[in-house]
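# Tertiary structure, described
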Amino acid sequence: MLRQVLHAGLRTSFHALGRFVASHPVFFASGPVLLAILLGSSFSRYRVEEGVEGLLVPKHSLAKIEGNLVESLFPINRSKHALYSDLQTPGRYGRVIITTKKGSVLDPLHMDAILELHRRISQMQVTVPASGLNSFNYTFSYLCLRDDKNFCIIDDIIRAMEEIQSARSSNSTLPVLRYPITELADGRQAYIGHQLGGVTNGGAVQGLGLRGEGVRSAKALQLTYYLQSHGGLMDRVASQWEKAFCEELKQFTDLHPKLTVYPSTSSSLRTDFQFSSVLARHPLLASLGVCGVLAVLCCSMRDCVRSKPWLGLLALLSITLSGLTAAGILNLTGATYNSTYLGIPFVMLGHGLFGSFEMLSSWRRTREDQHVKERVASVFEDVMLRFSGSTLIHLLTLGLAASPLTNMDAVRLFCRTATLAVAVSYIYTLSFYSSCLVFTGYLETGYRHGCFCRRVPKQDRLDSKPAWYRYLMYTRYQDETQNPLDGHPQDSHLLLGCMRRCYGDWITNTYVKPFVVLLYLVYISFGLMGFLQVSQGSDPSALVATDTATVLYTRAQQRYFSSYSPVIGFYIYESAPYWNSSVQHDLLEYAKGFQRISWLEAYLSYLSDRNETTSQPRENFTHTLRHYFLKEPEFAHFADDIIFAERGQGEEPDVAASRIFLVAKTTENKREEMSILLDTLRRLSLTSRVRFLIFNPSFVYLDRYSTAVSSPLRHSLLAVIFLLALSSLALVEPLVVIWLGLTILSVQFGVLGFMTLWGVEMDCMSILCLISAMGYSVDCSAPLLCCFASGRGESRTRWVRVALERHGIPSLQTLICYSASLIPLGSVRSNLTSTLFRCLMITACCSALHTLAFLPTLLTFLPPSKNKPGHHSDSEGHHRQEVECVEMNDSTRVVDQITTV
């Protein structure tokens, strides 16, 4: 009884709201338009997000904490002798992979061309500002990071190639180039595993005492130029240098067609990520046009008076105005734009179109002899409770994902913006679209053409008109001459007629039900197959435009440089007894199996060569390390890897912290292996006597990435379940909540499984689509479930047909318009939009299957029962009564106005 009272109170409130809107249609139509125009003028404050890397990684992770500790101990400017590729994240850089179509990059001709390119890049000048008296020419020597001798730091492969070129020009013996660790002329060991790719070794070389084999040929070479970018001016100069760097590489490609270059800079990811928005501009306009045409067709009927083609366009206009208003609010509040926002118009479109089509369907079920205000109030009473509930689920799922509980900025910002957009769209549907419904209602009352607004003459006047005019002005007047046996005027709607006469009977046929159940089992099976193959998509290049510099560079790196993992820094961040033999054994055991450059291993070999024991007292161990080992030229660069801490006066300092560089041998599945390696070494650090951590900038993408991405989805699912349990107080039949919850879970399971089978990984974009899919599935299935559950007094099959007739049509209309609007998006050459298209299309198809096939079949033999005692009601709680007044004659007298209900 309490639920019935609450339900009736809410319906009465919406009835009053409908009357109020119908009484002031001009205000509610003009207000949203003026507000959208005013807020839309704020696009002068439009700003694009600059820090793209921060959007795509977990905001709070252990890897970020470890990175901060590493930066405080060993800042990048302290690595004076060597910068290991990708060891720490630099501010600005230019990077290029050079490949050869035939032969080796180490062939004399190609090597000379590459060294010439290096010299041109080193001498390249940029002018900042571009003109004026204060302009200045900057070269790489001014911007580069420098070593302790004030020379620019360059990759070790350049030094090795210069040594080979010098030996060739002087007819000397060529130095042996080994892979992945080679020895330079000054005796220093250098790791070149990330600077040479596609390497073919020529066998071991005796007598050098180095790990690795001699290089016979190499298919690719990678060069990196690190820049200083401290301060506003230096950052601006470095940005200009990166652009000039790319232009120089284009000229190099034209001069050397046998070589192919793949450039990448610090701004490539940001540029290519935002380029998806540029590519999607015209397809989005095409989506709007296609959706508008289909919306007009879906609202049209054979009956020209009852046809509402303009309402289809006005529904789209309402969504557009709400999007413009939401964008204006974001611009005024200083928010920034990123390419993930491309999904927000489709979230608004799916929800807004369904509400509009539900209102139109309810309007067609109202009595035509009522006043327009009563008809609008009846529509509000019928639709707005369900529409408000589905909007609340949208807001709750998106709003919770936008909370600080979400650990990824891309997901949080998208959901925050989508929450605002959905809220504004709901308000505009209640105001702007409802007022448009009022105006078209007055046109219908005056028997005016639904498209041309011209009054339609009666049949006797139409008979004298041409055939095309009679066809264009066809309608059925509701007057005393109408024969009630001629059928209902709404049968002239094509989709409604097909649903009423064909589909409803077919889907509930006894012989069709087993095939639908079998189809659902197949659906679950394929969903489970995909669910078991879900993989995380932590690679940022999967979210940028196709065939851009980032994608091409990533492919080349995966092809030629996937043999070894990124350089892993093994950091011992506390003072450890390195002189202890057991500690030495542990550290050597940890590094076993890696390619490594280790000061400790080199120092222990140094002691052995001097016939000294490696287990010494602390003072002797540290004294020899500082005053002998680090003074040798071939070991001097290890000074960057050790931090000494002073003790008392006259005492040898302690080794407070140190680092070792490790490189793992990898296969094609590089990212998964790195994730396993990260977890393994972290578990080892918890039990080790030596306190250490490992770090590489790529770890911020791997560290609990799947947890960070999927947690908003889990939170939203829990929120939906809680809201459904709470909303059972407002539903006359609580079993609707159970059915709705099962439908949401089934749709989510299917979308997750099928998108995996379609090649979509679990990244931030796919998670955003899964979150929005919950609200879309509620939009489609909730009205049908409510209509079926509240019906009494007839068979299950009869109520399934009634529910399909009343609420299946809006779902079908929304599906047609929504799916067609997605098709232009699929033509955009972008990985981000490809993920968006696939996930949203799967969401629409899964929701349509549940609404139009699975639920109508399952409800015919599963609870709720139709045999319970209670009042006879339809999905709105009462029958809409249609009063027919007929005049009956008998042989003796005339019976006037016998009313039948």
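Report on the accompanying structure. (Residues numbered from 1 in each chain as written. Predicted model: local features only at pLDDT ≥ 70, side-chain atom pairs only at ≥ 80, totals over all residues. Heavy atoms only, no water.)

Here the focus is the pattern of salt bridges. Under the criterion given, the structure shown has 30 salt bridges. The partner of arginine 682 in a salt bridge is glutamate 66, and the shortest N-O contact between them spans 3.0 Å. On the criterion of sequence distance, the pair formed by arginine 682 in helix H23 (residues 670-687) and glutamate 66 in helix H4 (residues 62-73) is long-range, its members being 616 residues apart. Neither residue differs from the other here; arginine 682 and glutamate 66 are each classed as buried. Among the ionic pairs, arginine 618 bridges to aspartate 654, the shortest N-O distance being 3.1 Å. One end of the pair, arginine 618, is in helix H22 (residues 618-629); the other, aspartate 654, is in strand E12 (residues 654-663), with 36 residues separating them in the sequence. In terms of burial, arginine 618 and aspartate 654 fall into one category: buried. Through salt bridges with shared partners, a single ionic network connects Glu358, Arg365, Asp382 and Arg386. (Salt bridge = Lys/Arg side-chain N within 4 Å of Asp/Glu carboxyl O. Helix = DSSP H or I, 4+ residues; strand = E, 2+ residues; numbered from the N terminus. Buried < 20%, exposed > 50% of the residue type's maximum accessible area, 1.4 Å probe, protein only.)

A cis amide bond, omega -10 degrees, links valine 128 with the succeeding residue proline 129. For proline 129, the position within the fold is in the loop between strand E2 (125-128) and strand E3 (136-139). Omega for the bond connecting tyrosine 179 with proline 180 falls within 30 degrees of zero, at 10 degrees, which places this linkage in the cis form. With a phi close to 65 degrees, cysteine 453 is a non-glycine residue in the positive phi region. Along the chain, the position of cysteine 453 falls in the loop between helix H14 (409-445) and helix H15 (459-462). Here the phi dihedral of asparagine 611 falls at roughly 60 degrees; this positive angle occurs in a residue that is not glycine.

Once that is clear, we can look at the pairing of strand E13 (residues 692-695). Burial along E13 is two-sided: Phe692 and Ile694 facing one way and Leu693 and Phe695 facing the other are all buried. Across 4 bridges, strand E9 (residues 568-572) lies against E13 in antiparallel orientation. Across the sheet, residue phenylalanine 570 finds its bridge partner in E13, namely isoleucine 694. (Pairing = 2+ DSSP bridges.)

Another point: the packing of helix H12 (residues 344-364) against helix H27 (residues 764-790). Orientation of H12 relative to H27, taken along the N-to-C sense of each, is 10 degrees, at an axis distance of 10 Å. Considered as vectors, H12 and H27 are oriented roughly parallel to each other. Between H12 and H27 lies a crossing whose hand is left-handed. Two secondary-structure elements touch here, H12 through Val347, Gly350, His351, Phe354 and Glu358 and H27 through Ser772, Tyr776, Asp779, Cys780 and Pro783. The residue makeup of the contact of H12 with H27, split by class, is 5 nonpolar, 3 polar and 2 charged. (Axes fitted to C-alpha atoms, helices over the stretch in contact; angles between N-to-C directions. Parallel < 35°, antiparallel > 145°, perpendicular 65-115°, else oblique. Left-handed = near helix turned anticlockwise from the far one by under 90°. Contact = heavy atoms within 4.5 Å. Nonpolar A, V, L, I, M, F, W, Y, C, P; charged D, E, K, R; others polar.)

Right, let's get into the packing of aromatic side chains. Evaluated as defined, the whole model comprises 37 aromatic pairs. Centre to centre, the rings of tyrosine 590 and phenylalanine 692 are 5.6 Å apart; their planes meet at 40 degrees, and the pair counts as tilted. Of the two residues, tyrosine 590 is situated in helix H20 (residues 581-590) and phenylalanine 692 in strand E13; the sequence distance between them amounts to 102 residues. Take tyrosine 590 and phenylalanine 692: they sit in the same class, and that class is buried. Its guanidinium or amino end placed over the ring of tryptophan 363, arginine 375 lies 4.0 Å from that ring's centre, counting from NZ or CZ. (Phe/Tyr/Trp six-rings, centres within 6.5 Å; stacked < 30°, edge-to-face > 60°. Lys NZ or Arg CZ within 6 Å of the ring centre and 35° of its normal.)

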